[in-house]
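Spelled out from the first residue to the last, the chains are:
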Amino acid sequence: MNFRKEGDTCTIKAKLTFIFSPKVFWKAHWMDSLNQTRVAEFVFWGLTDNWVLEIIFFMAFSVTYVLTLLGNILIILTIIFTSYLQTPMYFFLSNLSFIDICHSSVTVPKMLEGFLLERKTISFDNCIAQLFFLHLFACAEIFLLTIMAYDRYVAICSPLHYPNVMNMRVCVQLVFALWLGGTIHSLVQAFLTIHLPYCGPNIIDSYFCDVPPVIKLACTDTYLTGMLIVSNSGTISLTCFLALVTSYTVILISLQKQSAEGRWKALSTCSAHFMVVALFFGPCIFIYTRPGTSYSIDKVVSVFYTVVTPLLNPLIYTLRNEEVKSAMKQLRQRQVVFMKSYT
């Protein structure tokens with residue numbers, strides 16, 4: 001007769017427990033995935049490998065970044081210290097300036113550092129963090145621009161109901177909702193990226209970490225992940241853009257019933273807003289609605305919406321908005337008076 005030893009029986013029980021216990025199985029699977037994904041760092045190809053161009057880009061983008069910070073900070077301070085700008089439209093504008101500061105700060109400092117280094121690297125954890133905050137602020141800006149379009153729609157098409165519909169309590173709730181939505185979106189993007197195994201190539205054909213270029217380095221088929229990205233980022237960008245176009249179409253139709261002065265003021269505000277929308281949504285739709293495909297122009301498009309657009313927003317809103325320009329002049333005069341009083 002063939003008798004089993006006690007050790008063999010324990011081994012069989014352990015195997016059966018592993019197979020039939022979902023918790024044990026998925027824990028082991030997760031630990032195995034982590035072991036595969038522990039790439040220590042990623043290497044950026046950057047915008048160029050020509051050191052002369054890198055110096056030129058470093059100086060140009062350094063100036064752009066400083067102007068972005070100063071311009072958006074100036075808008076925030078102007079709105080805070082000007083009583084007649086304490087309205088929903090300017091409340092949203094100050095939030096837009098804050099998001100632009102954060103959005104550009106996620107990628108630009110690392111890009112500037114890369115221009116000065118021969119080997120441009122980022123750790124795995126920092127890459128995921130950069131990816132998370134990039135999508136957080138980008139998605140928050142998309143939702144905010146949509147809310148601002150709705151604000152203009154109510155103000156122009158239903159002016160009598162505007163004070164009740166868009167009071168400050170509602171505005172704060174909308175801003176809270178957009179940050180919540182942006183956080184959920186970013187968590188989804190980070191999860192879609194981090195759950196993949198990265199076991200070999202670590203060169204990112206970009207100057208920052210984003211989902212499309214990072215998942216190309218995964219050691220597995222990423223078609224399903226790419227489709228999920230499109231259904232998340234692409235759908236959000238496209239849906240919000242169509243909602244914006246619809247709202248502005250309705251606004252343009254309703255302006256025909258207003259006076260020439262009211263029509264000009266509304267067109268001035270809405271045209272500035274729509275310029276910002278086109279400059280931001282265009283690159284987002286171009287990048288995030290193409291699963292598994294990339295073009296050489298992608299880097300240029302990425303530079304436009306991560307570096308250039310945050311600078312253009314304060315320029316567009318200040319140069320085309322008389323109220324903001326007037327408030328800035330008053331703020332400057334108050335500063336001069338304040339300085340003279342202490343000299």
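Residues numbered from 1 in each chain as written. Predicted model: local features only at pLDDT ≥ 70, side-chain atom pairs only at ≥ 80, totals over all residues. Heavy atoms only, no water.

**Concerning helix H4 (residues 88-115)**
A rise of 1.5 Å per residue sets the reference length of H4, with its 28 residues, at 40 Å; its end C-alpha atoms lie 41 Å apart and thus fit the reference within 8%. At serine 105, H4 shows its maximal kink, close to 40 degrees; a proline, proline 109, follows between one and four residues later. Across the 28 residues that make up H4, a large majority, 22, are buried. (Helix = DSSP H or I, 4+ residues; strand = E, 2+ residues; numbered from the N terminus. Expected span 1.5 Å × (residues − 1). Bend = angle between axes of the 7 residues up to and from the residue. Buried < 20%, exposed > 50% of the residue type's maximum accessible area, 1.4 Å probe, protein only.)

**Some words on the pattern of salt bridges**
Summed over all chains, the structure comprises five salt bridges. For glutamate 54, the salt bridge identified is with lysine 120, shortest N-O distance 3.0 Å. Taken together, the residues span a long stretch of sequence, with glutamate 54 in helix H3 (residues 51-80) and lysine 120 in strand E2 (residues 120-123) at a distance of 66 residues. Residue classification places glutamate 54 among the buried positions, given a relative accessible area of 9%. For lysine 299, the salt bridge is made with aspartate 205, and the minimal N-O distance between the two is 2.9 Å. Linking lysine 299 in helix H11 (residues 298-319) with aspartate 205 in the loop between strand E3 (203-204) and helix H8 (211-215), this pair joins segments that are 94 residues apart in sequence. (Salt bridge = Lys/Arg side-chain N within 4 Å of Asp/Glu carboxyl O.)

**Description of the packing of aromatic side chains**
If you walk through the whole model with that rule in mind, you get 16 aromatic pairs. Relative to tryptophan 179, the ring of phenylalanine 137 lies with its centre 6.0 Å away and its plane at 85 degrees, an arrangement referred to as edge-to-face. Of this pair, phenylalanine 137 sits in helix H5 (residues 124-157) while tryptophan 179 sits in helix H7 (residues 168-194), and the two are 42 residues apart along the sequence. Grouped by ring-pair contacts, the aromatic residues Phe98, Phe132, Phe133, Phe137 and Trp179 constitute a single cluster. (Phe/Tyr/Trp six-rings, centres within 6.5 Å; stacked < 30°, edge-to-face > 60°.)

**Points about the packing of H4 against H7**
Between H4 and H7, the shortest axis-to-axis distance is 10 Å and the interhelical angle comes to 25 degrees. The angle between H4 and H7 falls in the class roughly parallel. Note on packing geometry: the crossing formed by H4 with H7 is right-handed. Contacts from Pro88, Phe91, Phe92, Asn95, Phe98 and Ile99 of H4 reach H7 at Met168, Cys171, Val172, Leu174, Val175, Leu178 and Trp179. Counted by class, the contact of H4 with H7 contains 12 nonpolar, one polar and no charged residues. (Axes fitted to C-alpha atoms, helices over the stretch in contact; angles between N-to-C directions. Parallel < 35°, antiparallel > 145°, perpendicular 65-115°, else oblique. Left-handed = near helix turned anticlockwise from the far one by under 90°. Contact = heavy atoms within 4.5 Å. Nonpolar A, V, L, I, M, F, W, Y, C, P; charged D, E, K, R; others polar.)

**Things to note about the pairing of strand E1 (residues 41-44)**
Taken together, the four bridges between E1 and E2 define a ladder with antiparallel strand orientation. Paired with valine 43 across the strands is threonine 121, a residue of E2. Examined bridge by bridge, E1 and E3 share two bridges and lie parallel to one another. Within E3, the position partnered with valine 43 by the bridge is isoleucine 203. (Pairing = 2+ DSSP bridges.)

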